[in-house]
Amino acid sequence: MAPSQPAHKLVPATDTDYNLPFMLQSVRAEPDTLQRMKDDQVIDLIRDTDAEISKLQALQLRAIADLSVRRRRAPSASSEVALALSITEHRASAIVSAANALIARLPRMLNLMDDGRLDLYRAMKVTDATAWLSGDHVSVVDAALEDRVSGRNATQVRRAAAYAAAKVDPEGAALRTERKFVERRFTLHHQDTGVTHLSVNNAPTEKATAAYARIDRAARALKTPDEPRTLDQLRADVAMDLLLSGTGGPNERTEVFLHIDLATYLNLNESPAALAGRGPIAAAVARHIIGGPDTTLRRVLTDPRTGQAIELSPTRYPLKADEFIRVRDQECRQPGCTRPAQNCGIEATRTKGAAEGTEDQPVTYCSRHRRLKGQPGWDYEVTSDGTVNVATPAGQVHSTAPPSLNPARRRPNRILKTPRN
């Protein structure tokens, strides 16, 4: 067999118009292909693949915008996109909005994506910065930015777009601040390391500055020579204490659902526990949470084969009829949704293949997906084993298996691209 040609011949330094699919095939076939390339050739490859990604993103955005039009711009279109791409509905909603804006209001920015000169992340900086502009004003900004965003990073694009928008409509800039204030929200983002990001978005600047100053003063007062925590750690701890107790002192009682097996609780193993709405947490963290003075433990009997809850023991508190359902489901049963079950409602859902007169099964859904369940074209059913099947208006079926209290037995959501009967 003749020796393979050096990979660098596939990517001449003076010619970056090579065939990317062929290059991908070469890299897969010969893992050391990239190592044989020169530095400038690797940089060219990074740049050119990014351009191709931008072009594909432009095509995807056109398809998303078309789907939004087919659904008459109903919010449920974001739910379909979220299921199709396995992303959160918050992210899907932002992408749908960006797609509609680029198609209808910012065609020059979309053309830059078609040319591989602007990716989705940077394009969304422009759509966000111009969302408040009228159609005439946004056309001016679209033209002004055409030669200013290519080759700029996301921060530079955002600043350029914000400046152009404020320049074309200075009076509207003040109204934008008011709109942002209306959109203020308190957000929670769980991280993979067992910690969580908590933030207040679009808060009034003067109040946010005053709140930070108060927290900073309290943190600095605690920073004695014997205090091992850094100022950043103290500020975070003071802020959490203020939110929980209002005084920066002892925590008030809060309610979370923590699922932990008996052996882990007794420190006989280190199997991860599960916090509803958060997912797996380390055994040591779970035992620390359980060690709180106001912790109430509930015994949950599970099926040894599947780990699914089958019985909840009563406690000194009155046992509510729907409490077992929330413990069983743990989170909203919509595929991909992680809203904790204690923050969800319970909705009767049709049983698949059940005889006429058979009672529907109660299932937990968050408020958003309870509304989605009643939208035209959406169909929900529960199988005999507790699997929830969600059929979208496009005819795809997304399924979520009943959760297991044993993390090792949990099954991921699966997508069945089959037409509905």
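Data block above holds the structure.
Residues numbered from 1 in each chain as written. Predicted model: local features only at pLDDT ≥ 70, side-chain atom pairs only at ≥ 80, totals over all residues. Heavy atoms only, no water.

Turning our attention to the layout of surface pockets. Here the second largest pocket is characterised by a volume of approximately 900 Å³. Breaking the lining of the second largest pocket down by element, the ones donating at least two residues are helix H4 (89-104), helix H6 (120-130), helix H8 (154-168) and helix H9 (170-182). Its residues assigned to classes, the lining of the second largest pocket comprises eleven nonpolar, seven polar and ten charged. Residue contributions to the lining of the second largest pocket reach at least three from each of two domains, namely domain 1 (20-183) and domain 2 (185-245). (1 Å grid on protein atoms, 1.4 Å probe; cavity = no way out; pocket = protein on both sides within 12 Å on 5 of 7 lines; lining within 4 Å. Points joined across faces, edges and corners; volume = space filled by probe spheres on them. Helix = DSSP H or I, 4+ residues; strand = E, 2+ residues; numbered from the N terminus. Nonpolar A, V, L, I, M, F, W, Y, C, P; charged D, E, K, R; others polar. Domains from an automatic or database assignment.)

On the surface, a cluster of nonpolar side chains totalling about 570 Å² of accessible area is made up of Phe-186, Leu-188, Leu-198, Val-200, Met-240 and Leu-243. Looking at the nonpolar patch, the elements that each hand over two or more residues are strand E1 (185-190), strand E2 (196-201) and helix H11 (231-245). (Patch = residues over 30% accessible without salt bridge, like charges linked within 9 Å, V, L, I, M, F, W, Y side chains within 5 Å. Areas by Shrake-Rupley, 256 points an atom, 1.4 Å probe, with all protein chains shown as cover. Salt bridge = Lys/Arg side-chain N within 4 Å of Asp/Glu carboxyl O.)

On to the packing of aromatic side chains. For the coordinates displayed, the defined rule picks out one aromatic pair. Considering the side-chain rings of Tyr-365 and Tyr-380, the 5.6 Å spacing of their centres and the 90 degrees angle between planes classify their relative orientation as edge-to-face. Pair noted here: Tyr-365 is in strand E9 (residues 361-365) and Tyr-380 is in strand E10 (residues 379-382), with a separation of 15 residues, a long-range link. Assigned by exposure class, Tyr-365 and Tyr-380 land together as buried. One cation-aromatic arrangement involves Arg-184 over Phe-181; the distance from NZ or CZ to the ring centre is 4.0 Å. (Phe/Tyr/Trp six-rings, centres within 6.5 Å; stacked < 30°, edge-to-face > 60°. Buried < 20%, exposed > 50% of the residue type's maximum accessible area, 1.4 Å probe, protein only. Lys NZ or Arg CZ within 6 Å of the ring centre and 35° of its normal.)

Moving on to unusual backbone geometry. The backbone of Arg-73 shows a phi angle near 55 degrees, a positive value even though the residue is not glycine. Following the sequence through the fold, Arg-73 ends up in the loop between helix H2 (39-70) and helix H3 (76-85).

Both faces of strand E11 (residues 388-391) are covered, namely the face carrying Val-388 and Val-390 and the face carrying Asn-389 and Ala-391. Sheet topology places E10 next to E11; four bridges connect them, and they run antiparallel. Across the sheet, residue Glu-381 finds its bridge partner in E11, namely Asn-389. Taking the residues that link successive antiparallel strands as the turn, the E10-E11 hairpin has five residues, and the phi of Gly-386 there is positive, at about 95 degrees. In this structure, E11 lies alongside strand E12 (residues 397-400), joined through four bridges in antiparallel fashion. Considered in E12, the bridge of Val-390 is made with His-398. Here E11 folds back onto E12, and the loop between the two strands holds five residues, one of which, Gly-395, carries a positive phi near 95 degrees. (Pairing = 2+ DSSP bridges.)

One can describe the packing of H6 onto H8 by two numbers: an axis separation of 9 Å at closest approach and a directional angle of 25 degrees. By the criterion of interaxial angle, the relationship of H6 to H8 is roughly parallel. The two elements H6 and H8 cross, and the hand of that crossing is right-handed. Residue-level inspection shows Tyr-121, Arg-122, Lys-125, Val-126 and Ala-129 of H6 in contact with H8, the latter providing Ala-154, Val-157, Arg-158, Ala-161, Ala-162 and Ala-165. Each residue belonging to the contact of H6 with H8 can be placed in one class, and the counts come to eight nonpolar, no polar and three charged. (Axes fitted to C-alpha atoms, helices over the stretch in contact; angles between N-to-C directions. Parallel < 35°, antiparallel > 145°, perpendicular 65-115°, else oblique. Left-handed = near helix turned anticlockwise from the far one by under 90°. Contact = heavy atoms within 4.5 Å.)

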